[in-house]
Structure formats: C-alpha cells, structure tokens
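So you can see what is in the structure, the chains are spelled out below.
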Amino acid sequence: QVQLVESGGGLVQPGGSLRLSCAASGSIYATSTMGWYRQVPGKQRELAATITRGGSTNYAASVEGRFTISRDNAKNIVYLQMNSLKPEDTAVYYCNADIIPRTESRVLEYWGQGIQVTVSS
C-alpha cells in the first residue's frame, strides 16, 4: 500500500510564505514525476508545479517565480516553497506522484488527501 501524506498548510497573510511537504510511504519500488496541484470549490483541479526524478521542473504561469518545487529522492519527499503568496493562491493543495509499487510492474498515479492553504489578512 502506497500513501502520500501532505503537511505544512495553513493560514498566511498576503505576501507571506509557506512550505508544503509530501512524503510517499509504503511498498515503493521507484518514484517518477511528483507534483502539486490545487483546487478551489467549483473549479477544476489545476497544476501548480511538477518535478521529474532528474530534477526538471514545470510551473503554472500563475505561480512561476513565486513557487519553487524540489524533492528528496532518497526519502521520497516533494516540497513546494510558496513565497509572495496572494489571496488567489487560496486552495486545497494536492500532492501527486507516479510510483511503481513493489507489488506492480507498472507506474501508478497516487494522490494525497489534500491540504488547505488560505491566504488572507
């Protein structure tokens, strides 16, 4: 069983910073691309940032220059450093990872349970 567990969300004032973490645990053979998505009520989930195992990154235009995604391959953890936060960044943030479990011979997609980030004064 593979799980993704997010941490680090909360309430922050506009212009502030937060760091999200997501740890993948369980019977993992290998982890490929990991990323963060976000969703507000009534809207579709959207990409925030992704990072490949080799460190190549991709950002949504709305967060480019403010958010930084990174990962620790040895620990199967992905981070999202969010700076200069704006009220429009308020959303539930979901961790996503492409993982090959030890019990499978193919890549499966996993999601975390989501963590609230609220940017408000």
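See above for the structure.
Note that this is a predicted model, so its numbers are computed, not measured. (Residues numbered from 1 in each chain as written. Predicted model: local features only at pLDDT ≥ 70, side-chain atom pairs only at ≥ 80, totals over all residues. Heavy atoms only, no water.)

A. Main features of the packing of aromatic side chains. Applying the stated criterion across every chain yields a total of one aromatic pair. Look at Tyr37 and Trp111: their rings are 5.1 Å apart centre to centre, the planes differ by 65 degrees, and that puts the pair in the edge-to-face class. Within this pair, whereas Tyr37 is found in strand E4 (residues 28–39), its partner Trp111 is found in strand E10 (residues 108–111), the two being separated by 74 residues in sequence. The ring of Tyr79 is capped by Arg19, whose NZ or CZ atom sits 4.0 Å from the centre of that ring. (Phe/Tyr/Trp six-rings, centres within 6.5 Å; stacked < 30°, edge-to-face > 60°. Helix = DSSP H or I, 4+ residues; strand = E, 2+ residues; numbered from the N terminus. Lys NZ or Arg CZ within 6 Å of the ring centre and 35° of its normal.)

B. Looking closely at the sheet that holds strand E1 (residues 2–7). Overall, antiparallel pairing links the four strands, which are arranged E1-E3-E8-E7 in an open sheet. Edge strands, defined here as strands with exactly one partner in the open sheet, are E1 and strand E7 (67–72). Across the sheet, the mean angle separating the axes of adjacent strands is 15 degrees when strand polarity is ignored. As paired strands, strand E3 (residues 18–26) and strand E8 (residues 77–82) are joined by six bridges and run antiparallel to one another. Across the sheet, Ser21 pairs through a bridge with Tyr79, a residue of E8. (Pairing = 2+ DSSP bridges. Axes fitted to C-alpha atoms, helices over the stretch in contact; angles between N-to-C directions.)

C. View of the pattern of salt bridges. Here the structure, examined in full by the defined rule, presents four salt bridges. A salt bridge links Arg38 to Glu46; its shortest N-O distance comes to 2.9 Å. The buried category is assigned to Arg38, whose relative accessible area is 7%. In this structure, Asp89 engages Arg66 in a salt bridge whose closest nitrogen and oxygen atoms are separated by 2.7 Å. Placement of Asp89 in the loop between E8 and strand E9 (91–101) and of Arg66 in the loop between strand E6 (57–59) and E7 is noted, with a sequence separation of 23 residues between them. (Salt bridge = Lys/Arg side-chain N within 4 Å of Asp/Glu carboxyl O. Buried < 20%, exposed > 50% of the residue type's maximum accessible area, 1.4 Å probe, protein only.)

D. Summary view of the nonpolar core. Core analysis: the biggest nonpolar cluster contains 32 residues, and Trp36, Leu80, Met82 and Tyr93 have the highest contact counts within it. With five residues, the single largest contributor to this core is E9. In this view, Tyr93 contacts Glu6, Leu20, Trp36, Tyr37, Arg38, Phe67, Leu80, Met82, Gly114, Ile115 and Val117; residues no more than four positions away in its chain are not counted. (Core = buried A, V, L, I, M, F, W, Y, C linked by side-chain atoms within 4.5 Å. Contact = heavy atoms within 4.5 Å.)

E. Broad picture of the state of the cysteines. Applying the stated rule across the entire model yields one disulfide. Disulfide pairing is shown between Cys22 and Cys95; the S-S distance is 2.0 Å. Across the S-S bond of Cys22 and Cys95 the torsion is about -80 degrees, and the bridge reads as left-handed. Residue Cys22 is found in strand E3, and its partner Cys95 is found in strand E9; the two are separated by 73 residues along the sequence. (Disulfide = S-S within 2.5 Å.)

F. A look at the side chain of Ser21. Looking at the element boundaries, Ser21 is found in strand E3. Not counting the four nearest positions on each side in its chain, Ser21 is found in contact with Val5, Glu6, Ser7, Trp36, Val78 and Tyr79.

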